[in-house]
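A structural walkthrough
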Amino acid sequence: MSDVVILGAGMHPWGKWGRPFVEYGVAAARAALRDAGLEWTDVRFVVGADTIRNGYPGFVAGATFAQAMGWNGARIASCYAACASGAQALDIARTRILAGLCDVALVVGADSTPKGFFAPVGGDRPDDPDWLRFRLLGATNPAYFALYARRRMALYGDTAEDFAAVKVKNALAGSANENARYRETVTAAQVLTSPLVADPLRLMDICATSDGGAALVLASAEFARRHGASRPVRLAAVSTVTPSFPGTVLELPDFATDSTAAVPPPERPFRASIAHAAYEEAALGPDDLSFAEVYDLSTALELDWVEDLGLCARGEAAKLLRAGDTALGGRIPVNPSGGLASFGEAVPAQAIAQVCELTWQLRGVAGARQVEGARIGLAINQGLFGHGSSIIATS
């Protein structure tokens, strides 16, 4: 099996721009191609991460982006896996290269989002769990985030001040990221006095919804050598695992866990299993990481992910935070990009954006947010209905 490498990474800055999602994706794709030193005509496979909020073009994102770039005969694919869409798209492109069916692939994701937090897709669908949790329970995304936060408080003694410290840390990193939507530093007092959304989480504890785009150019190691790339970033693992039965931790959009009356719980809960599969494929472990990009939908969720990655024992993530270990300059920086706290959610783009950050950090070109000596980076998130998403990249 030959290596697959990242030759180019590009983004359209996150924000609330009010323009078509295609514009963001094309801008990111062109930036990634420039970064790779390639032409659009060099691309033989395009994978689009789908958006469900932008009509038919969003559902066939691969074709939409290929047409917008100018039909060049390349093969295409489109995929949707909620917040894991970008990782699924990356995996499809990587697999095609590994199969020897193409040398160069372009992966693109972009979104234009409505104001406020995400609502269910229109229409009455009483057999859809995502529709039911809004209509039957009134359980918005922030309500779930708040339940996870309360769980940390009850089990481990975490405090609202700990959650606020996550936002302060990520806002500082995001202030040095030209692609971030929010680039102002904040204080703990500002977080703790922002409007209450879902107790105990406040407005500044929860990520926004954003417009934005991200793209990657993948290539075989052989093509990279022929192209003259001296030290391309290598894709060491892509994990898209699903949960194992029985699920004993509530996950969006479920509103009950499985029973363990007859079957014992799995060795690892879902989120931890996503990272474990990536570690296994890469033959690495948490102690090998230089930094990590995690899915901080809320400040409290970042602390969960720190433990799911095995960076510390259960219940000790806040201790790492307080010691400065997860900050820029710390032992294991978490979200040096600024995370979703600084970007917000542009769903099909965010897993791709995480890998853009891995790429820039591993090249040593991340500027003021650069992790010193970065050699191995991991990105992780998850999509609704059991979509895992974790990527490990190495320099």
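For the structure, see preceding data.
This structure is a prediction, so every number in the text was calculated from the model and none was measured. (Residues numbered from 1 in each chain as written. Predicted model: local features only at pLDDT ≥ 70, side-chain atom pairs only at ≥ 80, totals over all residues. Heavy atoms only, no water.)

**Some details on the overall build of the protein**
- When you go through the protein residue by residue, the secondary structure sums to 14 helices and eleven strands.
- Taking 21 Å as the expected radius of gyration for a compact globule of 395 residues, we find that the protein reaches 20 Å, a close match to that expectation.
- Seen along its three principal axes, the alpha-carbon backbone of the protein occupies a region of about 55 × 50 × 45 Å.
- Across the 395 residues of the protein, 56% fall into the buried class.
- For the protein, the share of sequence-separated contacts (at least 6 apart) that also reach a separation of at least 24 residues comes to 75%. (Helix = DSSP H or I, 4+ residues; strand = E, 2+ residues; numbered from the N terminus. Rg over C-alpha atoms; globule rule 2.2 N^0.38 Å. Buried < 20%, exposed > 50% of the residue type's maximum accessible area, 1.4 Å probe, protein only. Contact = heavy atoms within 4.5 Å.)

**Section: the sheet that holds strand E9 (residues 291-293)**
- Taken in spatial order, the nine strands of this open sheet run E3-E2-E4-E7-E1-E8-E11-E10-E9, and their pairing is mixed. Each edge of the open sheet is held by one strand with a lone partner, namely strand E3 (75-79) and E9. Across the sheet, the mean angle separating the axes of adjacent strands is 25° when strand polarity is ignored.
- Here strand E2 (residues 45-49) runs beside E3; their pairing, made up of five bridges, is parallel. Within E3, the position partnered with valine 47 by the bridge is alanine 77.
- Contacts from helix H3 (residues 61-69) reach E2, E3 and strand E4 (104-111) within the one sheet, and its direction differs from that of E3 by about 135°.
- Lying over the sheet, helix H14 (residues 347-363) contacts strand E1 (4-15), E2, E4, strand E7 (211-220), strand E8 (233-239), E9, strand E10 (376-383) and strand E11 (387-394), oriented at roughly 120° with respect to E1. (Pairing = 2+ DSSP bridges. Axes fitted to C-alpha atoms, helices over the stretch in contact; angles between N-to-C directions.)

**Comments concerning the pairing of E7**
- When you tally the buried positions in E7, you get ten out of ten residues, the bulk of the element.
- Here E7 shows a buried face lined by Asp211, Gly213, Ala215, Val217 and Ala219 and a second buried face lined by Gly212, Ala214, Leu216, Leu218 and Ser220.
- In the sheet, E1 pairs with E7 via nine bridges, with the strands oriented antiparallel. Along E7, the bridge assignment pairs glycine 8 with valine 217.
- One ladder, built from eight bridges, connects E4 with E7; its direction is antiparallel. If you follow alanine 110 over to E7, its bridge partner there is glycine 213.

**Things to note about the pattern of salt bridges**
- Taken as a whole and judged by the stated rule, the model has 24 salt bridges.
- The partner of arginine 19 in a salt bridge is glutamate 23, with the nearest N and O atoms 2.6 Å apart.
- Classification of arginine 19 by relative accessible area gives partly exposed; the value is 33%.
- The closest approach of N and O atoms between glutamate 267 and arginine 268, which form a salt bridge, is 3.5 Å.
- The exposure class assigned to glutamate 267 is exposed, which follows from its relative accessible area of 68%. (Salt bridge = Lys/Arg side-chain N within 4 Å of Asp/Glu carboxyl O.)

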